[in-house]
Amino acid sequence: MPSFKGRLHDPRTATAVGRWLGVAIAVCFVTGVISHLLQKPPDWLQQELPPRPVWGYRLTQGLHVASGIAAIPLLMAKLWTVYPRLFVWPPARSVRHALERLSIAVLVAAAVFQLFSGLLNTVQWYPWPFAFVPVHFAVAWVLVGALLLHIAVKAPEIKAHWSRRSPGTLELPAEDGPDRRSFLAGVAAAVGAVTLVTVGQSFTPLKRFDLLAPRHPDHGPQGLPVNRTAAAARVTTVSTEHWRLTVAGPRPYDLTLDELRAMPQHTVTLPIACVEGWSKSAQWTGVRIRDLLDRAGAPPGALLRVVSLEKRGAYRIMEMGRGYARDPVTLLALRLNGELLSLDHGFPARIIAPNRPGVLQTKWVTRLEVL
Ligand SMILES: Nc1nc2c(c(=O)[nH]1)N[C@H]1C(S)=C(S)[C@@H](COP(=O)(O)O)O[C@H]1N2
Ligand SMILES: [Mo]
């Protein structure tokens, strides 16, 4: 059996890398749960979701993707540090030992799966037969469960190696030598590098360095990226003459585009924050959803359903709780950055609401239903 006696494979190094990885996974998990609740709220929550702060989802989802990306080099460093232990012989010394190793197998598999599937989702590549969202969400709980178990099992070691100078009970000197310091500096540099070349996709002050993220906040028609183009959604042309906005409610009505343009227009600055990690703030002009609902005689607490012209597609129909629907900055937008919406951005009308995932900013809207 090979023996690994270097400082880089000792528990102090594993603890040092492990706690960074733990922080990254914790941030990723919490922001991921927030994203899931905003995107697919359970019934009891749907009417309670807060539309403020307007940049809330932009921040949490930016952190979700950035912490996930940062966790990739951290996980690789951590696995490299501990891999000699993954080959201990005999594989199981006792029931307890067997269970502990099994939990490590689950932990490693879940961590690799989450980071890999999340990364591929940011480039919209789905080389698997299952639906990404429910599986990514379910495995997150497996990962966190296995991680808590791992931390509990390793608590004595983590405690012993947490600080630089540990008690003299260790086989190896705990103090940091140049080798360990260089290794940790290398890991930190790798984390810094992958963060720097991707975080500009949502943290726009660093957009100059956004070299590896799949989207650049400035690349796209009207200064905004497009995830699903009109062509992909098969909304090839929209006839301005024939398009109608239908509002179904206690006092239902239809509006032509000209009638909609004749209603009071409002301009707001709100970001689109895609679940895949990019986000960009823009100026939107259009009619308040609240005004459209009032005109239909909707009660103040009504839930709203929004339907797109798109024939099929997961984001054709969207529901919006009262917090968003009554918010003065939630618009049925007709203009983007001073110009008419382009077809790719949802011409003739799209939803823009604060503190919501991009997938719910429905484009090519044709129908509002008061529920
Ligand atoms: N009808 C419809 N609206 C949609 C989508 C869609 O697939 N269909 N994609 C959403 C997604 S995932 C995002 S991030 C935003 C992006 O808006 P943009 O293309 O105008 O930047 O639109 C949303 N609106
Ligand atoms: Mo998106």
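Residues numbered from 1 in each chain as written. Chains lettered and ligands numbered in written order. Predicted model: local features only at pLDDT ≥ 70, side-chain atom pairs only at ≥ 80, totals over all residues. Heavy atoms only, no water.

## So, the domain arrangement of the protein
For step 1, the next point in the chain: What the domain assignment reports for the protein is domain 1 (11-209) and domain 2 (221-370).
For step 2, the next point in the chain: For domain 1 and domain 2, the distance between their C-alpha centres works out to 37 Å.
For step 3, the next point in the chain: Residue-level contacts link 24 residues of domain 1 with 31 residues of domain 2.
For step 4, the next point in the chain: Of the roughly 2300 Å² buried where domain 1 meets domain 2, counting both sides, 48% is carbon and sulfur surface. (Domains from an automatic or database assignment. Contact = heavy atoms within 4.5 Å. Buried area = accessible area lost by both parts, 1.4 Å probe.)

## So, empty space enclosed by the protein
Empty space among the atoms becomes visible once a probe the size of a water molecule is rolled across them.
For step 1, the next point in the chain: All told, the structure shown has 1 cavity of 30 Å³ or more when counted by the stated rule.
For step 2, the next point in the chain: Volume-wise, the largest cavity comes out at about 40 Å³.
For step 3, the next point in the chain: Surrounding the largest cavity, G62, V65, A66, T198, V199, Q201, S202 and G277 form its lining.
For step 4, the next point in the chain: Taken together, the residues of the lining of the largest cavity sort by class into 3 nonpolar, 5 polar and no charged. (1 Å grid on protein atoms, 1.4 Å probe; cavity = no way out; pocket = protein on both sides within 12 Å on 5 of 7 lines; lining within 4 Å. Points joined across faces, edges and corners; volume = space filled by probe spheres on them. Nonpolar A, V, L, I, M, F, W, Y, C, P; charged D, E, K, R; others polar.)

## Section: helix α5 (residues 132-162)
For step 1, the next point in the chain: Between the first and last C-alpha of α5 there are merely 36 Å, a value that for 31 residues lags more than 12% behind the 45 Å anticipated at 1.5 Å per step.
For step 2, the next point in the chain: The largest bend in α5 amounts to roughly 65 degrees and is located at K154, with the proline P156 lying one to four residues further along.
For step 3, the next point in the chain: Close packing links the buried residues of α5 with α1 (11-39), α3 (56-86) and α4 (95-122). (Helix = DSSP H or I, 4+ residues; strand = E, 2+ residues; numbered from the N terminus. Expected span 1.5 Å × (residues − 1). Bend = angle between axes of the 7 residues up to and from the residue.)

## Points about the pattern of salt bridges
For step 1, the next point in the chain: Throughout the structure, instances matching the rule amount to 16 salt bridges.
For step 2, the next point in the chain: R7 is paired through a salt bridge with D179; the nearest N and O atoms lie 2.9 Å apart. Placement of the pair is R7 in the segment before α1 and D179 in helix α6 (residues 178-196), with a sequence separation of 172 residues.
For step 3, the next point in the chain: Judged by its relative accessible area of 35%, D179 falls in the partly exposed class.
For step 4, the next point in the chain: R52 is the partner of D327 in a salt bridge, and the nearest nitrogen-oxygen pair spans 2.6 Å. Taken together, the positions of D327 in the loop between α9 (322-325) and β7 (331-336) and R52 in the loop between α2 (43-46) and α3 put the pair 275 residues apart, joining distant regions of the chain.
For step 5, the next point in the chain: Given a relative accessible area of 6%, D327 falls into the buried group.
For step 6, the next point in the chain: Residues participating in the shared-partner salt-bridge network are R85, E100, K154 and E157. (Salt bridge = Lys/Arg side-chain N within 4 Å of Asp/Glu carboxyl O. Buried < 20%, exposed > 50% of the residue type's maximum accessible area, 1.4 Å probe, protein only.)

## Digging into the site of ligand 1
For step 1, the next point in the chain: In the neighbourhood of ligand 1, 20 residues make up the surrounding shell, with P225, R228, H345, R350 and K363 lying closest.
For step 2, the next point in the chain: R350 has a polar side-chain atom sitting 2.6 Å from an oxygen atom of ligand 1.
For step 3, the next point in the chain: The backbone of Q361 places a nitrogen or oxygen atom 2.9 Å from a nitrogen atom of ligand 1.
For step 4, the next point in the chain: Bound to the protein, ligand 1 loses 98% of the 530 Å² it would expose on its own.
For step 5, the next point in the chain: A class-by-class count of the residues in the shell around ligand 1 yields 9 nonpolar, 6 polar and 5 charged. (Near = heavy atom within 4 Å. Polar contact = N/O pair within 3.5 Å; in protein donor to acceptor, adjacent residues only side chain to side chain. Areas by Shrake-Rupley, 256 points an atom, 1.4 Å probe, with all protein chains shown as cover.)

## Some words on the packing of aromatic side chains
For step 1, the next point in the chain: Tallied over the full model, the rule gives 8 aromatic pairs.
For step 2, the next point in the chain: A centroid spacing of 5.3 Å and a plane angle of 40 degrees characterise the contact between W80 and F183, whose relative ring orientation is tilted. With W80 in helix α3 and F183 in helix α6, this pair connects stretches of sequence that are 103 residues apart.
For step 3, the next point in the chain: With a centroid separation of 6.1 Å and an interplanar angle of 70 degrees, the aromatic rings of Y126 and W128 are classed as edge-to-face.
For step 4, the next point in the chain: With relative accessibility at 14%, the residue W128 sits in the buried group.
For step 5, the next point in the chain: Counting every residue linked through ring pairs, the aromatic cluster contains F113, Y126, W128, F130 and F132.
For step 6, the next point in the chain: The ring centre of W162 lies 4.4 Å from the NZ or CZ of R19, which sits over that ring.
For step 7, the next point in the chain: Looking at R295, its charged tip hangs above the ring of Y253, at a distance of 5.0 Å from the centre. (Phe/Tyr/Trp six-rings, centres within 6.5 Å; stacked < 30°, edge-to-face > 60°. Lys NZ or Arg CZ within 6 Å of the ring centre and 35° of its normal.)

## Some details on the side chain of H345
For step 1, the next point in the chain: Here H345 is to be found in the loop between β8 (339-340) and β9 (350-352).
For step 2, the next point in the chain: Since its relative accessible area comes to 2%, H345 is described here as buried.
For step 3, the next point in the chain: Among residues more than four places away in sequence, those in contact with H345 are P221, Q222, L224, P225, V226, L336, R350 and K363.

## Some details on the nonpolar core
It is characteristic of soluble globular proteins that their nonpolar side chains tend to be buried jointly.
For step 1, the next point in the chain: Formed by 57 residues in total, the largest nonpolar core has its most connected members in L245, L260, W284 and L292.
For step 2, the next point in the chain: Per-element accounting of this core gives the leading share, 5 residues, to β7.
For step 3, the next point in the chain: Looking at this core, you find at least three residues from each of domain 1 (11-209) and domain 2 (221-370).
For step 4, the next point in the chain: Membership of the second largest hydrophobic core comes to 23 residues, among which are L8, L75, L115 and V187. (Core = buried A, V, L, I, M, F, W, Y, C linked by side-chain atoms within 4.5 Å.)

## Observations regarding the sheet that holds strand β5 (residues 304-308)
What holds strands together in a sheet is hydrogen bonding between their backbones, with the strands either parallel or antiparallel.
For step 1, the next point in the chain: Strand order in the open sheet formed by 5 strands is β2-β1-β10-β5-β6, with mixed pairing between adjacent strands. Two strands bound the open sheet, and with one partner strand each, they are β2 (253-255) and β6 (317-320). Neighbour-to-neighbour, the strand axes of this sheet turn through a mean angle of 20 degrees, independent of strand direction.
For step 2, the next point in the chain: As judged from the 3 bridges shared by strand β1 (residues 245-248) and strand β10 (residues 365-370), these two strands associate in the parallel manner. Note that in β10 the partner of V247 across the bridge is L368. (Pairing = 2+ DSSP bridges. Axes fitted to C-alpha atoms, helices over the stretch in contact; angles between N-to-C directions.)

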